[in-house]
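# Summary of the model geometry
In case you want the letters, here they are:
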Amino acid sequence: EEVNADGLYVLPGAIDSHVHFRDPGYPHKETWKSGSAAAACGGVTTVFDMPNTSPPTGTVEALQMKLKAAESSYVDFGIHALFGDDTVDHLEALLEAGATSFKAFVGNTFGNLPAPTDGCLLEGFEKLAPLGIRTTVHAENSSIMARRTSHLKDSGRTDPLAHLAARPAVAEIEAIGRVLTLAEWTGARVHIAHHSAADSLYVLRDAKRRGVDVTVETCPQYMLLNTGDMLRLGGVLRVNPPVREARHNQPLWDAMMEGVIDMIATDHAPHAPEEKTRPNIWECDCGFPGVETQMPLMLTEINRGRATIMDYVRWSAEAPAKAWGLWGVKGIVAPGAHADIAIVDMDRRGVLSENRLRSISRISPWHGRTVQGYPLHTIVRGRFVMRDGELVENAAGWGKSVKGVQRMPEPKVRHADTFVKAITDPEAAAREAAAAAEE
Ligand code: NCD
Ligand code: ZN
Ligand code: ZN
């Protein structure tokens, strides 16, 4: 099979760490087939799917249902299983059954999964730290948000900005700080999902300097949209966390350049158009599709000179490959690595349109936005899944789990202190305490 790549750029296929393909549970919003078709048409060759499906991916049985559904995928995939009070006792079983990683909803969002208690976070991190498995965290303080929401609802607010006010940046800053503290204490690997606020960047920067193994993603909406767009778009742009004031946009870019934010994900969170356009903001579902618009949006910014194409490759492919144990396998174009490739035309101009979305949920805050730079061909493990801008229909089912090739690097050995030993090795802890008493 040949294509003429004259004048085009050959990039590693994007790895999107954060998609909601809704399958099983919400086939009117998305399925594995439709979501992965959208990925293929967006130059995305690997996705990591989130566990807030129905049933939630927190039991071996539910995980098996998801793996079955994913058999129709066009692109390769990882599965983030649910980390919570109900699942923390069988994390190992979920890993054995095919989960690549975990997701903790530390903050209420679509699916209404209860936030893990801090005790549960500590215990789960202690279990996962020696395994080197990374946990993605949706970090927003539920109690701050619950109080704000009830005040705003009680006062009758139904306007777009009420949603923003209900989830202030401080809810994100607080939860990130808490998660990083527990990650540092336990040595666990964590990943901050959809980072939105400029104010918490210093917490992340400091944690990274101290050697906490934290990776961070942001999404195009947080870099490119803000409260002004919320006024214009209302429920269509309703998302958790919300887009913030314009003052947050540039610092997030700067943090990407600096490496405090490691990667771009999309938080592809499709909902049906009627679920996004209800008159009352509180009744509009949160989230919108993004897996197929990320690459044109970002390439447009590259064309504007805001970063280089190599920066983009680092954010879209290299950093996620490293974070999820796929380094040397995916995320680079090199001998021995999977031929996961996006061939892009940096000159092609167009207007993003809901009508052209592959996602079942054809509604998007990016509708009408002018872009320059499109993926034209997408190749997963050597096979075209998009060719000349068209989905290769019979490639459905070509995608497979990355569990078989995922290799997390060895975790750093952490010195177990006396308090941990008091649980794991009580006699050694008693000897240490006695020795301290003699000194
Ligand atoms: C996501 C969804 O719809 O599943 N919604 C969202 O607003 N981002 C859930 C999430 O990622 O918080
Ligand atoms: Zn989330
Ligand atoms: Zn999400």
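Residues numbered from 1 in each chain as written. Chains lettered and ligands numbered in written order. Predicted model: local features only at pLDDT ≥ 70, side-chain atom pairs only at ≥ 80, totals over all residues. Heavy atoms only, no water.

## Some remarks on the coordination of the zinc ion (ligand 3)
- The protein atoms that coordinate the zinc ion (ligand 3) are His18 (NE2), His20 (NE2) and Asp267 (OD), at distances spanning 2.0 to 2.1 Å.
- Between the four donor atoms coordinating the zinc ion (ligand 3), the angles at the centre fall across 90 to 133°, so the site counts as tetrahedral.
- Each donor residue of the zinc ion (ligand 3) belongs to the same chain, with the gaps between them written as H-x1-H-x246-D.
- The distance between the zinc ion (ligand 3) and the zinc ion (ligand 2) is 3.8 Å.
- Given a relative accessible area of 0%, His18 falls into the buried group.
- For His20, a relative accessible area of 5% gives the class buried. (Donors = N, O, S within 2.8 Å, 3.2 Å for Na, K, Ca; no water. Tetrahedral: all angles 85-135°; square planar, octahedral: opposite > 155°, others 65-115°. Buried < 20%, exposed > 50% of the residue type's maximum accessible area, 1.4 Å probe, protein only.)

## As for the site of ligand 1
- Close to ligand 1 lie 15 residues; Arg22, Asn52, Thr109, Asn240 and Asp267 are nearest.
- Thr109 is positioned such that a nitrogen or oxygen atom in its side chain is 2.6 Å from an oxygen atom of ligand 1.
- At 2.8 Å, a backbone N or O of Asn240 approaches an oxygen atom of ligand 1.
- In isolation ligand 1 exposes 320 Å². Once the protein is present, 100% of that is buried.
- Looking at the shell around ligand 1 residue by residue, the class counts come to four nonpolar, nine polar and two charged. (Near = heavy atom within 4 Å. Polar contact = N/O pair within 3.5 Å; in protein donor to acceptor, adjacent residues only side chain to side chain. Areas by Shrake-Rupley, 256 points an atom, 1.4 Å probe, with all protein chains shown as cover. Nonpolar A, V, L, I, M, F, W, Y, C, P; charged D, E, K, R; others polar.)

## A short note on the packing of aromatic side chains
- Enumeration according to the criterion identifies six aromatic pairs in this entry.
- Aromatic ring contacts, followed pair by pair, group Phe21, Trp32 and Phe77 into a single cluster.
- In this arrangement the basic side chain of Arg381 is found over the ring face of Trp398, its NZ or CZ atom lying 4.7 Å from the centre.
- Stacked on the ring of Phe384, the Lys or Arg Arg387 has its end atom at 4.7 Å from the ring centre. (Phe/Tyr/Trp six-rings, centres within 6.5 Å; stacked < 30°, edge-to-face > 60°. Lys NZ or Arg CZ within 6 Å of the ring centre and 35° of its normal.)

## Points about the state of the cysteines
- Taken as a whole and judged by the stated rule, the model has zero disulfides.
- Counting only cysteine sulfurs, Cys286 is the nearest neighbor of Cys219, a cysteine outside any disulfide, at a range of 14 Å. (Disulfide = S-S within 2.5 Å.)

## A word on the sheet that holds strand S2 (residues 14-19)
- Across the sheet, which stays open at both edges, the eight strands sit in the order S2-S3-S4-S5-S6-S7-S8-S9 with parallel pairing between neighbours. Across the chains shown, the open sheet's two edge strands, defined by having one partner strand only, are S2 and strand S9 (263-264).
- Here strand S6 (residues 134-139) runs beside strand S7 (residues 189-192); their pairing, made up of four bridges, is parallel. Bridge pairing links Arg134 to Arg189 in S7.
- Against the sheet, helix H1 (residues 32-41) engages strand S3 (44-49) and strand S4 (76-82), with an angle of about 140° to S3. (Pairing = 2+ DSSP bridges. Helix = DSSP H or I, 4+ residues; strand = E, 2+ residues; numbered from the N terminus. Contact = heavy atoms within 4.5 Å. Axes fitted to C-alpha atoms, helices over the stretch in contact; angles between N-to-C directions.)

## Structural notes on the packing of helix H13 (residues 294-303) against helix H14 (residues 309-323)
- The geometry of H13 relative to H14 is characterised by a closest axis approach of 10 Å and an angle of 150° between their N-to-C directions. Considering the angle they form, H13 stands roughly antiparallel to H14. As for the relative orientation of H13 and H14, their crossing is right-handed in sense. Judged by residue contacts, Gln294, Met295, Met298, Leu299 and Ile302 of H13 engage Ile309, Tyr312 and Trp315 from H14.
- Split into classes, the residues belonging to the contact of H13 with H14 amount to seven nonpolar, one polar and no charged. (Parallel < 35°, antiparallel > 145°, perpendicular 65-115°, else oblique. Left-handed = near helix turned anticlockwise from the far one by under 90°.)

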